[in-house]
Amino acid sequence: MKPFTRLLRLWTINRVFIRHGLDELVFTIPFLRPIAFIYHLSPWNWGKQETRPRGVRIRRALEDLGPIFIKFGQMLSTRRDLLADDIADELTKLQDRVPPFCGIEARNMVEKAYGKPVTEVFKQFETEPMASASIAQVHAAQLWNGKEVVVKVLRPGIEKTIRKDVELMYLIASLVQRYWKDARRLRPVEVVAEYEKTIFDELDLVREAANASQIRRNFEGTTTLYVPEIYWDYTHPNVMVMERIYGIPVGDIPRLQALGVNFKRLGELGVEVFFTQVFRHNFFHADMHPGNIFVNAKNPNEPQYMAVDFGIVGTLAPADKRYLAENFYAFFNRDYKRVAELHVESGWVPPATRVDEFESAIRSVCEPILNLPIKDISFGHFLLRLFQTARRFNMEVQPQLVLLQKTLLNIEGLGRQLYPDLDLWSTAKPFIERWMDEQVGVRALINGAKVNLPKFLENLPYMPNLLHDIMQQTAQQKLKMQWESQQLETLRKEMQYSQRSNRLAIVGGALLITATLTASSALLPAALGISLLSWGMGISGMGLLGYSLLRR
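What this report covers is the structure whose coordinates are included nearby. Please read all numbers here as calculations on a predicted model, not as lab measurements.

Here's the deal with the overall build of the protein chain
Here is step 1 of the chain: Helix and strand counts for the protein chain come out as 23 helices and eleven strands.
Here is step 2 of the chain: When burial is assessed residue by residue, the protein chain has 41% of its 552 residues classed as buried.
Here is step 3 of the chain: Within the protein chain, residue pairs in contact and separated by at least 24 positions form 69% of the contacts whose partners lie at least 6 positions apart.
Here is step 4 of the chain: For the protein chain, the computed accessible surface area is about 30800 Å², with 60% contributed by carbon and sulfur atoms.

Brief notes about the environment of alanine 88
Here is step 1 of the chain: Its place among the elements puts alanine 88 in helix α6 (residues 85-91).
Here is step 2 of the chain: Since its relative accessible area comes to 0%, alanine 88 is described here as buried.
Here is step 3 of the chain: C-alpha separation for the pair alanine 88 and glutamine 74, spaced 14 residues apart in sequence, amounts to 9.6 Å.

Concerning the nonpolar core
Here is step 1 of the chain: Counting 79 residues, the largest nonpolar core has Ile162, Leu225, Phe275, Phe279, Tyr305 and Leu418 as the members making the most contacts within it.
Here is step 2 of the chain: Broken down by element, the residue count for this core peaks at nine residues, all from helix α14 (residues 263-281).
Here is step 3 of the chain: In contact with phenylalanine 275, not counting residues within four places along its chain, are Arg280, Phe328, Ala428, Phe431 and Ile432.
Here is step 4 of the chain: Of all hydrophobic cores here, the second largest spans 17 residues; its members include Ala106, Met109, Val118 and Val121.

Describing the pairing of strand β9 (residues 293-296)
Here is step 1 of the chain: Of the pairings in the sheet, the one linking strand β7 (residues 248-249) to β9 comprises two bridges and is antiparallel in character. Each bridged residue has a counterpart across the sheet, and for proline 249 the counterpart in β9 is phenylalanine 294.
Here is step 2 of the chain: Bridge count between β9 and strand β10 (residues 304-307): four bridges; the pairing is antiparallel. Bridge assignment links asparagine 296 to a residue of β10, and that residue is glutamine 304.

Considering the environment of glutamine 137
Here is step 1 of the chain: Looking at the secondary structure, you find glutamine 137 in strand β3 (residues 136-143).
Here is step 2 of the chain: Taking the C-alpha atoms as reference points, glutamine 137 and glycine 103, separated by 34 residues in sequence, lie 9.4 Å from one another.
Here is step 3 of the chain: Apart from residues no more than four positions distant in its own chain, glutamine 137 is found in contact with Pro100, Phe101, Cys102, Ala106, Pro129, Ala131, Ser132, Val151, Lys152 and Val153.
Here is step 4 of the chain: Polar contacts involving the side chain of glutamine 137 include one to the main-chain amide nitrogen of phenylalanine 101, which spans 3.0 Å.

Quick word on the pattern of salt bridges
Here is step 1 of the chain: Counted by the stated rule, this structure contains 17 salt bridges.
Here is step 2 of the chain: Linking aspartate 309 and lysine 152 is a salt bridge whose minimum nitrogen-to-oxygen distance equals 3.2 Å. With aspartate 309 in the loop between β10 and β11 (313-314) and lysine 152 in strand β4 (residues 148-154), this residue pair connects regions lying 157 residues apart in the sequence. Each of the two residues, aspartate 309 as well as lysine 152, counts as buried.
Here is step 3 of the chain: We note a salt bridge from arginine 338 to glutamate 326, for which the minimum N-O separation is 3.0 Å. On the criterion of sequence distance, the pair formed by arginine 338 in helix α16 (residues 336-346) and glutamate 326 in helix α15 (residues 318-332) is long-range, its members being twelve residues apart.
Here is step 4 of the chain: The exposure class assigned to arginine 338 is partly exposed, which follows from its relative accessible area of 24%.
Here is step 5 of the chain: Here the residues in one salt-bridge network are Arg322, Glu326, Arg338, Glu341 and Glu345, joined through shared partners.

How each quantity is defined
Residues numbered from 1 in each chain as written. Predicted model: local features only at pLDDT ≥ 70, side-chain atom pairs only at ≥ 80, totals over all residues. Heavy atoms only, no water. Helix = DSSP H or I, 4+ residues; strand = E, 2+ residues; numbered from the N terminus. Buried < 20%, exposed > 50% of the residue type's maximum accessible area, 1.4 Å probe, protein only. Contact = heavy atoms within 4.5 Å. Areas by Shrake-Rupley, 256 points an atom, 1.4 Å probe, with all protein chains shown as cover. Core = buried A, V, L, I, M, F, W, Y, C linked by side-chain atoms within 4.5 Å. Pairing = 2+ DSSP bridges. Polar contact = N/O pair within 3.5 Å; in protein donor to acceptor, adjacent residues only side chain to side chain. Salt bridge = Lys/Arg side-chain N within 4 Å of Asp/Glu carboxyl O.

Here's what the structure looks like:
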């Protein structure tokens with residue numbers, strides 16, 4: 001994005017804020033209050049009277065600014081502990097009620113993808129969308145075999161819009177990184193890079209279909225989570241067809257109450273689904289806002305979650321997964337020293353960090369909230385304290401974990417809505433303990449044997465040949481090493497001989513030169529002795545030179 005285009009986009013954002021009367025809210029931010037007089041002195045604010053509620057204004061502004069801002073609003077909508085009720089209620093509408101694009105245009109895109117009229121593909125296709133989100137919208141349809149399906153269609157021109165906003169995010173992140181002292185620890189450019197990869201993956205519906213198939217397979221045979229079936233013959237990069245489900249939106253609390261759903265069980269199942277995906281499958285749905293989650297309430301005492309929209313999924317590197325699990329395990333057991341040690345071992349804090357000081361800081365943040373139900377936990381206050389601790393110890397943001405943190409916030413927000421009395425810690429602790437046992441306990445040994453035994457049995461018939469080959473290669477390697485040793489010994493002796501020859505040649509040359517000089521100085525017959533000496537030295541020098549040449 002060119003500098004002029006960036007400035008234009010910034011101006012567009014500012015103009016949208018002004019149009020929806022949000023410039024007044026911007027100047028209520030503490031560090032902007034000293035310049036709030038600018039707002040009151042601006043001519044366009046003289047006599048302005050805004051009658052729309054602030055929640056409506058914020059929602060409309062996010063809708064006008066595009067998909068990235070809508071997704072931000074979706075995430076905020078689950079955090080009722082951080083927002084006023086009127087704003088949270090309004091942002092909830094961003095979960096599945098984003099203004100749709102023209103249904104006729106969606107129909108044309110479907111026909112273009114299949115290369116044939118929509119009536120040849122579907123027995124019935126509803127032009128009016130069922131729901132619309134920031135990236136795509138869905139239409140009800142029926143296959144010619146009678147199966148009811150939903151057809152997901154990407155928004156036209158969405159990639160270009162997202163690319164502009166991502167480049168603007170890079171600009172803002174680079175400015176923050178340059179001019180804010182805490183930026184190195186927060187690593188904003190890397191966070192944007194991680195988000196960029198995630199958001200562009202969401203634009204490929206074939207990838208989303210593959211994600212859905214994987215999660216469906218992971219939960220096959222369980223009653224905790226149901227994932228609709230994908231119809232691969234009808235799936236293209238910008239069109240996806242999947243089984244239609246008839247669940248109750250998880251945010252429709254009055255309807256779930258009327259059906260007598262066990263909310264305590266529903267809250268516990270949410271925690272179980274999350275930890276199962278993260279630590280057992282290492283493949284988790286990372287966009288679990290209420291618009292994507294439904295409830296099968298046929299058995300109210302044992303409800304079942306139903307999920308859609310798998311455009312954003314997350315995985316963890318083995319080292320990150322292990323460190324996270326150990327952190328959770330130590331945290332649930334109030335072993336704050338181990339939490340501090342893990343942060344140092346993983347490199348999340350500088351290696352010179354004093355473990356005892358870090359342990360004390362973590363204890364002061366975490367101890368007040370353990371064993372409290374969600375309704376009694378001020379996560380806003382907790383996050384603020386945690387941020388202050390992180391800044392004090394130069395704790396760096398881990399970009400690869402941002403997606404997981406976002407998902408955890410969604411799950412916690414969902415739990416707060418469903419069953420505020422849920423004890424998050426006691427619900428999750430047994431799961432983490434079991435996972436740790438599977439990784440480092442007796443179960444780990446048994447599971448390792450189960451995994452490796454078939455491979456061992458498969459290779460067992462070839463063991464004699466393999467052992468023979470190894471012994472033969474070892475013998476050949478030994479002979480090779482002996483030969484190389486002999487070669488080295490020969491080379492060493494040659495070098496010794498060469499050094500001796502060089503010394504003899506030097507002595508012989510010195511004697512020859514000395515004899516020449518002595519002979520040239522014997523000018524008188526009386527110096528006959530000197531002449532004889534010089535001749536002797538010369539003959540000796542020539543002999544030594546000749547001997548050294550023969551040795552070579």
